[in-house]
Amino acid sequence: MARELRVPRALAALPAPVRWLALPVALTCTVVVLLGSWSASDDGVEVPQPTGKAAGYCRKLAAALPQELLGHARRDPSPASPYVAAWGTTSRTVLRCGVDRPDELNGEHAMDWSPTVDDVTWWSQKLTDGGYRFVTTQRSAYVEVTVPAGAAANPFDPAAALTGAVKANIPG
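A brief look at the structure comes next.

About the cut-offs
Residues numbered from 1 in each chain as written. Predicted model: local features only at pLDDT ≥ 70, side-chain atom pairs only at ≥ 80, totals over all residues. Heavy atoms only, no water. Pairing = 2+ DSSP bridges. Helix = DSSP H or I, 4+ residues; strand = E, 2+ residues; numbered from the N terminus. Contact = heavy atoms within 4.5 Å. Axes fitted to C-alpha atoms, helices over the stretch in contact; angles between N-to-C directions. Phe/Tyr/Trp six-rings, centres within 6.5 Å; stacked < 30°, edge-to-face > 60°. Buried < 20%, exposed > 50% of the residue type's maximum accessible area, 1.4 Å probe, protein only. Disulfide = S-S within 2.5 Å. Parallel < 35°, antiparallel > 145°, perpendicular 65-115°, else oblique. Left-handed = near helix turned anticlockwise from the far one by under 90°. Nonpolar A, V, L, I, M, F, W, Y, C, P; charged D, E, K, R; others polar.

1. A word on the sheet that holds strand β6 (residues 120–126)
Then, number 1: The strand order across the open sheet formed by 6 strands is β3-β4-β8-β7-β6-β5, and the pairing between neighbours is antiparallel. Strands with a single pairing partner mark the edges of an open sheet, and in this sheet they are β3 (84–87) and β5 (116–117).
Then, number 2: Pairing of β5 with β6, which is carried by 2 bridges, proceeds in the antiparallel orientation. Within β6, the position partnered with Thr 116 by the bridge is Thr 121.
Then, number 3: Packing of helix α4 (residues 157–169) onto the sheet brings it into contact with β3, β4 (93–99), β5, β6, β7 (132–137) and β8 (142–147), and relative to β6 it is tilted by some 145 degrees.

Here it is, written out as structure tokens:
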């Protein structure tokens, strides 16, 4: 015996073409909402979404960050976020607080060069575009500093310059 397809009364009252389009329209709206809510700034910088104590530490760090870093003015991505800061114009140094623990720390790259400045250890990774990525380790929140190629005389200088603010606001 075939089972009868039951259409809710609210949909049954609508003309057939409208009923046929209801599901595709609902799915399209859902996709649009999900795409619009992804955490990326207008500048293409992914905005981290820390929770709990890490979010509080990151907000404290944001308030302590300098307006100038190694001669480059602070120009944060839009929309503003307490978890992202940037310095420079075209070749920007970007700090993101509350990022996830890098997967690379579980593999062969865990032993890559990790300088320690004033009790803050920065795991480093050379990027394919010639820049560098530095991520704090052994802190209550992960802080990432991305330095594009040519943004500083020494690619580690921006991370080293931010060490004091990180140490003062993100406990180890």
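2. Some points on the packing of aromatic side chains
Then, number 1: In the structure shown here, the tally under the stated rule is 2 aromatic pairs.
Then, number 2: Between the aromatic rings of Tyr 132 and Phe 134, the centroid separation amounts to 5.9 Å while the plane-to-plane angle is 15 degrees, which identifies the pairing as stacked.
Then, number 3: Looking at Phe 134, the relative accessible area reads 1%, which means it is buried.
Then, number 4: Measuring from ring centre to ring centre gives 5.2 Å for Phe 134 and Phe 156, while their planes differ by 65 degrees; the resulting arrangement is edge-to-face. With Phe 134 in strand β7 and Phe 156 in the loop between β8 and α4, this pair connects stretches of sequence that are 22 residues apart. Take Phe 134 and Phe 156: they sit in the same class, and that class is buried.

3. A word on the state of the cysteines
Then, number 1: For the coordinates displayed, the defined rule picks out 1 disulfide.
Then, number 2: Two residues share a disulfide in this structure: Cys 58 and Cys 97, whose sulfurs sit 2.1 Å from each other. In this structure, the disulfide formed by Cys 58 and Cys 97 twists by about -75 degrees around the S-S bond and is classed as left-handed. Highlighted residues: Cys 58 in helix α3 (residues 52–64) and Cys 97 in strand β4, separated in sequence by 39 residues. There is no split in this pair, since Cys 58 and Cys 97 are both buried.

4. Thoughts on the packing of α3 against α4
Each packed pair of helices is defined by two parameters, the angle between the axes and the distance between the axes.
Then, number 1: Packing of α3 against α4 leaves a shortest axis separation of 9 Å and a crossing angle of 140 degrees. As judged from the angle between their axes, α3 and α4 are oblique. The two elements α3 and α4 meet at a crossing, and its hand is right-handed. Contact with α3, carried on its side by Tyr 57, Lys 60, Leu 61 and Ala 64, involves Ala 165, Val 166 and Asn 169 of α4 and no other residues of that element.
Then, number 2: Along the lines of polarity and charge, the residues of the contact of α3 with α4 split into 5 nonpolar, 1 polar and 1 charged.

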